[in-house]
Each structure stands twice: as structure tokens, then as C-alpha cells.
Amino acid sequence: AQKITQTQPGMFVQEKEAVTLDCTYDTSDPSYGLFWYKQPSSGEMIFLIYQGSYDQQNATEGRYSLNFQKARKSANLVISASQLGDSAMYFCAMREGSGNQFYFGTGTSLTVIP
Amino acid sequence: GAGVSQSPSNKVTEKGKDVELRCDPISGHTALYWYRQRLGQGLEFLIYFQGNSAPDKSGLPSDRFSAERTGESVSTLTIQRTQQEDSAVYLCASSLRLAGVQTQYFGPGTRLLVL
């Protein structure tokens, strides 16, 4: 089974609107961390936000927030007030507490329309 | 430098040749990862180094792939007898625990094309 599933290959959003990028995960480890990265066309991977499995509140970083639903094993990224510069690939990733690896999803391509 | 650097940024080679990719992590970062990203795909874990511990090589796709790291410094990823399917971007990341979170910082990648 896939550790990280991103079901939206591509998404479009109007500038200044909010958008949700979906991510579900699969693990039996009670301790894990969830990450979102942005990869612009230039190729670098930029860390956006982190959610720990024991965190009681949803993580927020500026315009980014993580909608963490533990029972559903989902960790959706919400980008508020989209900007043209948000157009990029977005990857969800997980690290299990007992392991070394980061597992990445296949990514979602976000296009912000002016 | 302030970030993770990788060299070369681009490499074109002929099938069957060996290539060596270099990663300079952020100073003080004890952990270092190598990933492969094929065109339009997600990141595929290759290998993980943590300090002086034995590396986790579980992601290496074949014995043509190897990597070394001396202490907490530079790492090299070597691909022997390259094949066309090795064409990809090879990303290196180093990490440090920040308040319990092992956040990875990525380099710009090496784009490898095997003809």
C-alpha cells in the first residue's frame, strides 16, 4: 500500500481564493510527522509546514494551514489568498517515528489563475 | 554557504559510463538523504546517512548505485554503468532536528541525462 496518496494530479485556483490540496497517509506507527513541500518550476524543494501525530492543534504557517484529521488519516494543505507565485508542484510527505525514510506522494500541480 | 549545494547541476553522459554526484550539506546537519525524482514523479528515497552510523541503503535500486559520506560532511552518489532509466533529477537533503521536527532542507538537484 502507498504510504502517501495525493489524488489530485492538477488543481486550478483563482488568484486570492483559497485552495485545498488533499493528502492521505497510511501507517501503523503511532508516532509520525507529516510535511508539505513546494517545488516551483526551478526545481528546488521548499519546506512549507509540519504536523506531528501528537499535535493537538492544526499547524499553521502564514497562508498555509494543515487540516489534520487523524481518524481519517488525512493531512490536507490549505493555502489561503492564493498568489500567482503559489503555482508549483506540492508534495505531501511522512516520516514514521521508528524509521529514517521520508515517504513522498506523487504531487499535485497547482496553477493560480489571474 | 547557507544552503545545501549540489554539483554538477546538469550532467549528460553516455550509457555505460560511471557518474559521480556531489552534495554539500548545511554545516552542522547530521542527517543526509539522497532521492531520485523521475520526470513528473514524486521523490524516491535512495539512501540515508546519520552521523557516523551505518547508512540506510534500503532505497538503492541496484548494486550499480552507491554512496559515501565522511562524518557529517560531503556526500557522493556514484552510479556505475549508467542506463537510460537512470535519467532523473537526483536531490540531496540535509536535516537537523528543530524542536523535535526533523525538517529536511533540499539542494537544487543534479539533472542527469543518460543518452
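Conventions and cut-offs
Residues numbered from 1 in each chain as written. Chains lettered and ligands numbered in written order. Predicted model: local features only at pLDDT ≥ 70, side-chain atom pairs only at ≥ 80, totals over all residues. Heavy atoms only, no water. Helix = DSSP H or I, 4+ residues; strand = E, 2+ residues; numbered from the N terminus. Buried < 20%, exposed > 50% of the residue type's maximum accessible area, 1.4 Å probe, protein only. Lys, Arg positive; Asp, Glu negative; His and termini not counted. Charge placed at Lys NZ, Arg CZ, Asp CG, Glu CD. Contact = heavy atoms within 4.5 Å. Buried area = accessible area lost by both parts, 1.4 Å probe. Salt bridge = Lys/Arg side-chain N within 4 Å of Asp/Glu carboxyl O. Polar contact = N/O pair within 3.5 Å; in protein donor to acceptor, adjacent residues only side chain to side chain. Nonpolar A, V, L, I, M, F, W, Y, C, P; charged D, E, K, R; others polar. Patch = residues over 30% accessible without salt bridge, like charges linked within 9 Å, V, L, I, M, F, W, Y side chains within 5 Å. Areas by Shrake-Rupley, 256 points an atom, 1.4 Å probe, with all protein chains shown as cover. Pairing = 2+ DSSP bridges. Axes fitted to C-alpha atoms, helices over the stretch in contact; angles between N-to-C directions. Disulfide = S-S within 2.5 Å. Core = buried A, V, L, I, M, F, W, Y, C linked by side-chain atoms within 4.5 Å.

(A) Geometry of the overall build of chain B. Secondary structure assignment for chain B yields 0 helices and 10 strands. For chain B, the α and β elements follow one another from N to C terminus as β-β-β-β-β-β-β-β-β-β. When its C-alpha atoms are laid out on the principal axes, chain B stretches across 45 × 25 × 25 Å. Classification of the 115 residues of chain B by burial places 49% in the buried group. The positive charge centre, built from 12 side chains, and the negative charge centre, built from 11, are 3 Å apart in chain B.

(B) Structural view of the interface of chain B and chain A. With 18 residues of chain B in contact, the opposing surface of chain A contributes 16 residues. Taking both partners together, chain B and chain A bury about 1500 Å²; carbon and sulfur atoms supply 55% of that area. Applying the counting criterion to the chain B and chain A interface returns 0 salt bridges. Connecting chain B to chain A are 4 residue pairs in polar contact (both at pLDDT 80 or more). The set of elements that each furnish at least two residues to the side of chain B that touches chain A consists of strand 4 (31–37), strand 5 (44–50), strand 8 (88–98) and strand 9 (101–106) of chain B. The greatest single-element share of the side of chain B that touches chain A, amounting to 5 residues, is contributed by strand 9 of chain B. Across the side of chain B that touches chain A, the residue classes tally to 8 nonpolar, 7 polar and 3 charged.

(C) Inspection of a nonpolar patch on the surface at higher detail. All names here are of chain B. Taken together, the side chains of Val12, Leu113 and Leu115 define a hydrophobic patch exposed on the protein surface, amounting to about 280 Å² of accessible area. Structurally, Leu113 is set in strand 10 (residues 110–114). A residue is classified by how much of its surface remains accessible, and Leu113, at 41% relative accessible area, is partly exposed.

(D) Just the sheet that holds strand 6 (residues 65–69) of chain B, in detail. Residue and element names in this part refer to chain B. Taken together, the 4 strands give an open sheet; going across it, the order is 1-3-7-6, and neighbouring strands pair in antiparallel fashion. Only two strands of the sheet have a single partner each, and these edge strands are strand 1 (5–7) and strand 6. Direction aside, the axes of adjacent strands within the sheet are offset by 15 degrees on average. Pairing of strand 3 (residues 19–24) with strand 7 (residues 75–79) involves 5 bridges; the strand directions are antiparallel. Counterpart to Cys23 in the pairing with strand 7 is Ser75.

(E) Spatial organisation of the state of the cysteines. Residues and elements named next belong to chain A. All chains considered together, the criterion is met by 2 disulfides over all chains. One disulfide bridge connects Cys23 with Cys92, the sulfur atoms lying 2.0 Å from each other. Taking the torsion about the S-S bond as the criterion, the Cys23 to Cys92 disulfide, at about -65 degrees, is left-handed. With a gap of 69 residues between them, Cys23 in the loop between strand 3 (19–21) and strand 4 (24–25) and Cys92 in strand 10 (residues 88–96) connect regions that are remote in the sequence. Overall, Cys23 belongs to the buried group, its relative accessible area being 0%.

(F) Spotlight on the environment of Ser87(B). Among the structural elements, Ser87(B) can be located in the loop between strand 7 and strand 8. When the C-alpha positions of Ser87(B) and Gln37(B) are compared, they lie 9.1 Å apart, and in sequence the two are 50 residues distant.

(G) Structural view of the pattern of salt bridges. All names here are of chain A. According to the stated counting rule, one finds 5 salt bridges over all chains in the structure shown. Arg63 is the partner of Asp86 in a salt bridge, and the nearest nitrogen-oxygen pair spans 2.8 Å. Of this pair, Asp86 sits in the loop between strand 9 (74–79) and strand 10 while Arg63 is found in the loop between strand 7 (60–61) and strand 8 (64–69), placing the two residues 23 residues apart along the sequence. Owing to a relative accessible area of 22%, Arg63 belongs among the partly exposed residues under this scheme.

(H) Highlighting the nonpolar core. If you look at the biggest cluster of nonpolar residues, it comprises 24 residues, and the most contacted ones within it are Tyr25(A), Trp36(A), Ile49(A), Leu77(A), Tyr90(A) and Leu110(A). Listed by contribution, the elements that provide at least two residues to this core are strand 3, strand 5 (32–39), strand 6 (46–52), strand 8, strand 9, strand 10 and strand 12 (108–113) of chain A. Looking at which element gives the most residues to this core, the answer is strand 10 of chain A, with 4 residues. Not counting the four nearest positions on each side in its chain, Tyr90(A) is found in contact with Gln6(A), Leu21(A), Trp36(A), Tyr37(A), Lys38(A), Leu48(A), Leu77(A), Ile79(A), Gly107(A), Thr108(A) and Leu110(A). In this structure, Val4(B), Ile26(B), Leu60(B) and Ala67(B) belong to the second largest nonpolar core, which totals 20 residues.

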